[in-house]
Amino acid sequence: RMNLGILISFICIIARNSWMQTPDGYGMINGELVLTDWFSAIINPSFPYRFMHMLVAALVSTACFILGISAWFLLKQRHVSFARFNLRNAVFTIALLAPLQFIIGDLHGLNTKEYQPLKIAAIEGLWETTKGAPLVLFGIPNSEKEVNHASVEIPKLGSLILTHASDGEIIGLKDYAKKDRPNITVIFYSFRIMVGVGLWLTLLGLVGA
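Small disclaimer: the values here were computed from a predicted structure and weren't measured. (Residues numbered from 1 in each chain as written. Predicted model: local features only at pLDDT ≥ 70, side-chain atom pairs only at ≥ 80, totals over all residues. Heavy atoms only, no water.)

Novice: So what about a nonpolar patch on the surface? Which residues, and what values?
Specialist: Residues Leu137, Phe138, Ile140, Val152 and Ile154 make up a contiguous nonpolar surface patch of roughly 400 Å² in combined accessible area. Of all the secondary-structure elements, those providing two or more residues to the nonpolar patch are β4 (135–142) and β5 (147–154). Looking at which element gives the most residues to the nonpolar patch, the answer is β4, with three residues. With respect to the secondary-structure elements, Val152 resides in strand β5. Looking at Val152, the relative accessible area reads 40%, which means it is partly exposed. (Patch = residues over 30% accessible without salt bridge, like charges linked within 9 Å, V, L, I, M, F, W, Y side chains within 5 Å. Areas by Shrake-Rupley, 256 points an atom, 1.4 Å probe, with all protein chains shown as cover. Salt bridge = Lys/Arg side-chain N within 4 Å of Asp/Glu carboxyl O. Helix = DSSP H or I, 4+ residues; strand = E, 2+ residues; numbered from the N terminus. Buried < 20%, exposed > 50% of the residue type's maximum accessible area, 1.4 Å probe, protein only.)

Encoded structure:
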């Protein structure tokens, strides 16, 4: 019963957040926002990708928590058989789900490019609309001068990831008014931290397995 309650709460939270990103199932009637299709509002364009992305993230986080407790028990030589069993299951869960998260993330990225191209431009740190855009591994975004300082890039890889074509076009930040842009620095760095954690967990799972 508790797990069912958690799942329902999880769905409601993700559905609401997804609707804020990719709203659907609504109309403007007499100047007011009115729900016209409950199902479309809940299962909006980004909901399936956000749901799976967060569900896998929750499972991997739980596996890491169990892994840490089990390792501590083994170091202390307490509840050894119990700790070994749980450590083994946690490691294999991470080894299976962490790489899967990159596949889900790729699909989510394609969805975001379609519905929120400005967010993708901020994530990529891409100022100019570019065909064959590079992947910016690292840089220091300067929103005032609209450039990246100390940028480290891999040519064409950004387009290859986001369009699955090396010469695919990605819309740049300069195509949007400055007042409409999000905080570029926060989005740029937080995305790279997320990917870095994902790579570290994948390595942890594979080596551990």
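Text resumes after the structure shown.
Novice: Let's hear about the side chain of Arg50: which residues, and what values?
Specialist: Summarising the element assignment, Arg50 is placed in helix α3 (residues 47–75). Lacking a salt bridge, the buried Arg50 has Glu114 as its closest oppositely charged neighbour, with an N-O distance of 12 Å. Among the polar contacts made by the side chain of Arg50, one reaches the side chain of Gln116 at a distance of 3.3 Å. If we ignore the near neighbours within four places in the chain, the residues touching Arg50 are Ile14, Asn17, Ser18, Gln21, His108, Gln116 and Lys119. (Lys, Arg positive; Asp, Glu negative; His and termini not counted. Polar contact = N/O pair within 3.5 Å; in protein donor to acceptor, adjacent residues only side chain to side chain. Contact = heavy atoms within 4.5 Å.)

Novice: Describe the pairing of strand β2 (residues 32–35), with residues and values.
Specialist: Sheet analysis places strand β1 (residues 26–29) next to β2, joined by four bridges and oriented antiparallel. Note that in β2 the partner of Ile29 across the bridge is Glu32. Adjacent in sequence and paired antiparallel, β1 and β2 are bridged by two residues, among which Asn30 carries a positive phi angle near 55 degrees. (Pairing = 2+ DSSP bridges.)

Novice: Break down the nonpolar core for me, with residues and values.
Specialist: Val56, Val60, Ala63, Leu67, Ala90, Val91, Ile94, Leu97, Ala98, Ile104 and Leu201 form the largest nonpolar core, which has eleven residues in total. Counting residues per element, the ones that place at least two in this core are α3 and α4 (80–115). Beyond its immediate sequence surroundings of up to four residues, Ile104 is in contact with Tyr49, Met52, His53 and Val56. (Core = buried A, V, L, I, M, F, W, Y, C linked by side-chain atoms within 4.5 Å.)

Novice: How would you summarise helix α5 (residues 117–124) if you had to cite specific residues and measurements?
Specialist: Within α5, six of the eight residues are buried, which leaves it mostly tucked inside the rest of the structure. Every buried residue of α5 is accounted for by Leu118, Ile120, Ala121, Ala122, Ile123 and Glu124. Taken together, the buried residues of α5 touch α4, β4, α6 (157–163), β6 (169–170) and α7 (184–208).

Novice: Describe the packing of α5 against α7, with residues and values.
Specialist: Interaxial distance between α5 and α7 falls to 7 Å at its minimum, and their mutual angle equals 70 degrees. With respect to each other, α5 and α7 are oriented roughly perpendicular. Mapping the contact onto sequence places Ala122, Ile123 and Glu124 in α5 and Ile184, Ile187, Phe188, Phe191 and Arg192 in α7. (Axes fitted to C-alpha atoms, helices over the stretch in contact; angles between N-to-C directions. Parallel < 35°, antiparallel > 145°, perpendicular 65-115°, else oblique.)

Novice: Tell me about the packing of aromatic side chains, and name the residues and values.
Specialist: Applying the stated criterion to the full structure yields six aromatic pairs. On the numbers, 5.3 Å between centres and 50 degrees between planes, the contact of Phe10 with Phe51 is tilted. On the criterion of sequence distance, the pair formed by Phe10 in helix α1 (residues 2–21) and Phe51 in helix α3 is long-range, its members being 41 residues apart. This pair shows no difference in class: Phe10 is buried, exactly as Phe51 is. Every member of this aromatic cluster is reached through a ring pair, and the members are Phe10, Phe47 and Phe51. The aromatic ring of Phe188 is capped on one face by Arg192, whose charged end is 3.6 Å from the ring centroid. (Phe/Tyr/Trp six-rings, centres within 6.5 Å; stacked < 30°, edge-to-face > 60°. Lys NZ or Arg CZ within 6 Å of the ring centre and 35° of its normal.)

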